[in-house]
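Now for the letters of each chain:
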Amino acid sequence: MPAAAPHFDPVRVSRLAVTLLFALMMVREVSADEIPLTDSGTEKRDLVFVDENTLVYCEQIEPNQLALMQLDLTNGAATRLHPDFDDNEFEPAFSRDGERYAFLQNIGNLNLRLIIRNRNTGEESAFSEGGFSGMRSPCFTADGSRLLYAYPEDGRQHIWSCDLACQDRKRVIDSSGTNNWPNATPGGDFVFGSTRDGNFDIYRANTDGSGIEQLTFEPQQDIRPRVSLDGEQIAFTSNRDGNYEIYVMRIDGTGLRRITQHDERDDFATWSPNGDLAFVSERNGRFDIYLIPLEE
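Let us look at the structure shown here.

Here is what the cut-offs are and how they apply
Here the residue index of a chain counts from 1 through its sequence in written order. Where local features are concerned, this predicted model is filtered to residues with pLDDT of at least 70; where side-chain atom pairs are given and counted, the filter is 80 or more; whole-chain, interface and lining totals use all residues. The side-chain figures draw on all heavy atoms in the structure; neither hydrogens nor water molecules are used. Labels follow the DSSP assignment, with helices taken as runs of H or I lasting at least four residues and strands as runs of E lasting at least two, numbered in each case from the N terminus. Pairs of residues are marked as contacts when any of their non-hydrogen atoms sit within 4.5 Å. In short, Shrake-Rupley with a 1.4 Å probe defines the accessible areas, and a residue's cover is counted only from the protein chains shown. Throughout, exposure labels follow a simple rule: accessible area from a 1.4 Å probe, protein chains only, divided by the maximum for the residue type, with under 20% read as buried, over 50% as exposed, and the rest as partly exposed. The criterion for strand pairing is that DSSP finds at least two bridges linking the strands in question. In this analysis the probe radius is 1.4 Å and the grid spacing 1 Å, with only protein atoms considered; a cavity is a set of points the probe fits into but cannot get out of, a pocket is an open set with protein on both sides within 12 Å along at least five of seven lines, and lining residues have an atom within 4 Å of a point. Grid points are joined across faces, edges and corners, and a volume is the space filled by probe spheres set on the points. Any two of the Phe, Tyr and Trp rings considered here, Trp counted by its six-membered ring, make a pair once their centres fall within 6.5 Å; the pair's planes then place it as stacked at under 30 degrees, edge-to-face at over 60, or tilted in between. Here, a charge over a ring means that NZ of Lys or CZ of Arg falls within 6 Å of the ring centre while also lying within 35 degrees of the ring normal. Axis definition: a line fitted to C-alpha atoms, limited for helices to the stretch in contact. Angles are taken between N-to-C directions and run from 0 to 180 degrees. Here, a salt bridge means any side-chain nitrogen of Lys or Arg that lies within 4 Å of a carboxyl oxygen of Asp or Glu. Under this definition, polar contacts are N or O atom pairs within 3.5 Å; protein pairs additionally need one hydrogen-donor-capable and one acceptor-capable atom, and for neighbouring residues in sequence, both atoms have to be side-chain atoms.

1. Focus: the overall build of the protein
Next, step 1: Helix and strand content of the protein: 1 helix and 24 strands.
Next, step 2: Restricting to contacts in the protein with at least 6 residues of sequence separation, those with at least 24 account for 32%.
Next, step 3: Surface summary for the protein: the accessible area is close to 14,500 Å², and the carbon and sulfur share equals 48%.

2. Structural notes on the pairing of strand 20 (residues 245–250)
Next, step 1: Most of strand 20 is tucked away: 5 of the 6 residues are buried.
Next, step 2: Taking the residues between adjacent antiparallel strands as the criterion, strand 19 (residues 233–238) and strand 20 are bridged by 6 residues, where G242 takes a positive phi near 95°.
Next, step 3: Strand direction decides the pairing type here: strand 20 and strand 21 (residues 257–258), joined by 2 bridges, are antiparallel. Residue pairing in the sheet places V248 in a bridge with R257 of strand 21.

3. Remarks on the layout of surface pockets
Next, step 1: Taken as a whole, the largest pocket holds about 850 Å³ of empty space.
Next, step 2: If you go around the largest pocket, you meet 39 residues; those closest to its centre are V48, A93, C139, N183 and R226.
Next, step 3: Broken down by secondary-structure element, the contributors of at least two residues to the lining of the largest pocket are strand 2 (44–51), strand 6 (88–94), strand 10 (136–140), strand 14 (179–184), strand 18 (222–227) and strand 22 (266–271).
Next, step 4: Considering every element that reaches the lining of the largest pocket, the biggest residue donor is strand 2, with 6 residues.

4. Points about the packing of aromatic side chains
Next, step 1: With the rule as written, the count across this model stands at 10 aromatic pairs.
Next, step 2: Of the aromatic side chains, those joined through ring pairs into one cluster are F85, F94, Y101 and F103.
Next, step 3: Lying over the aromatic face of Y244, R265 brings its terminal NZ or CZ to 4.0 Å of the ring centre.
Next, step 4: Over the face of the ring belonging to Y290 we find R283, whose NZ or CZ atom lies 3.9 Å from the ring centre.

5. Topic: the environment of Y290
Next, step 1: If you trace the backbone, Y290 turns up in strand 24 (residues 286–292).
Next, step 2: Counting along the chain gives 253 residues from Y290 to L37, while the straight-line C-alpha distance between them is 5.4 Å.
Next, step 3: Setting aside residues no more than four positions away along its own chain, Y290 makes contact with E34, I35, P36, L37, L277, A278, F279, S281 and R283.

6. Quick word on the sheet that holds strand 9 (residues 124–127)
Next, step 1: With respect to topology, 4 strands assemble into an open sheet ordered 6-7-8-9, the strand pairing being antiparallel. The sheet is open, and its two borders are formed by strand 6 and strand 9, each paired with just one other strand. Within this sheet the neighbouring strands show an average axis-to-axis angle of 20°, counted without direction.

7. Considerations on the pattern of salt bridges
Next, step 1: Counting across every chain of the model gives 22 salt bridges.
Next, step 2: Close ionic contact of D222 with R240 constitutes a salt bridge, the shortest N to O distance being 2.7 Å. Pair noted here: D222 is in strand 18 and R240 is in the loop between strand 19 and strand 20, with a separation of 18 residues, a long-range link.
Next, step 3: Looking at D222, the relative accessible area reads 0%, which means it is buried.
Next, step 4: The closest approach of N and O atoms between D267 and R224, which form a salt bridge, is 2.7 Å. Residue D267 is found in strand 22, and its partner R224 is found in strand 18; the two are separated by 43 residues along the sequence.
Next, step 5: Where salt bridges share partners, they join E153, D154, R156, R171 and D174 into one cluster.

8. What to know about the side chain of T260
Next, step 1: Topologically, T260 is positioned in the loop between strand 21 and strand 22.
Next, step 2: With relative accessibility at 0%, the residue T260 sits in the buried group.
Next, step 3: Only 2.5 Å separates the side chain of T260 from the side chain of E245, close enough to count as a polar contact.
Next, step 4: T260 has contacts with E245, I246, D266 and F279, leaving out every residue within four places of it along the chain.

9. What about the sheet that holds strand 1 (residues 35–36)?
Next, step 1: In space, the 4 strands of this open sheet follow the order 1-24-23-22, with antiparallel pairing throughout. The open sheet has two free edges, formed respectively by strand 1 and strand 22, since each of these has just one partner strand.

10. Some words on the environment of V56
Next, step 1: Position of V56 relative to the elements: it lies in strand 3 (residues 54–62).
Next, step 2: Judged by relative accessible area, which is 1%, V56 ranks as buried.
Next, step 3: Once the C-alpha coordinates of V56 and E91 are considered, the two residues, 35 residues apart in sequence, prove to be 9.7 Å apart.
Next, step 4: Among residues more than four places away in sequence, those in contact with V56 are D46, L47, V48, V50, M69, Q70, L81, P92 and F94.

11. Focus: unusual backbone geometry
Next, step 1: Located in the positive-phi region is D46, a residue other than glycine, with phi close to 60°.
Next, step 2: Relative to the helices and strands, D46 is located in strand 2.
Next, step 3: Unusually for a residue other than glycine, E91 sits at a positive phi of about 50°.
Next, step 4: Of note, E91 is situated in strand 6.

Here it is as structure tokens:
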């Protein structure tokens, strides 16, 4: 008896074609190879480019100490930004002109201090409020005249701003839930994460907090948004596909792309001056920084 002819299922073939097309699209979105920038394997976070040759980040250099490191991309040398500091320091932010930077310092038991320092003169301003859940996520406005940061008050975490002397503190974003990770665009507004609707999504607002627009609507967590230097794209971390990966979308929330494809966590994305992405990737329990060139 002759064998039955194989059954042709057009629906199944169509699904396979869509799957293959999606896979090919994902390959085109990410260029050939990721470039490892570190190999120490120690925990790292809070990446920010100072210029095309310098990346600053936070690293766990001792079991109980976090330090700011600066990586020279021309020779791969990593050195401490503040070699004489004994306190934990993290979450660095640099003004667009590179003249000033801000960071957080743990100066005692449950006590944080926010510091703004002039890189040319060494002059600095600082203030401390609350305990270890105090100020977080500093970011300079586009013109460098003020600093945005997150701070909890009245049972909620808001977005605030202050001047470069750490004075004239104003509440910018006031809503239910937790607001965090402000990041300025070149146009003068900023993006941030908020749980006002029950989970972290990404929002955009004017510098004074007006004109709030929701950009993502995902039931999972969309966190740590970072705007590209040209103001056209936002990189962020999300677990929308079951694992924390790096995603990119246009500044208006359209054109979502998944950038990383790893079994462990990818996080803390930041844009290089030429439009590539650096991020921290956990692989086999080791944490290192990778650079991934992006295609348009």
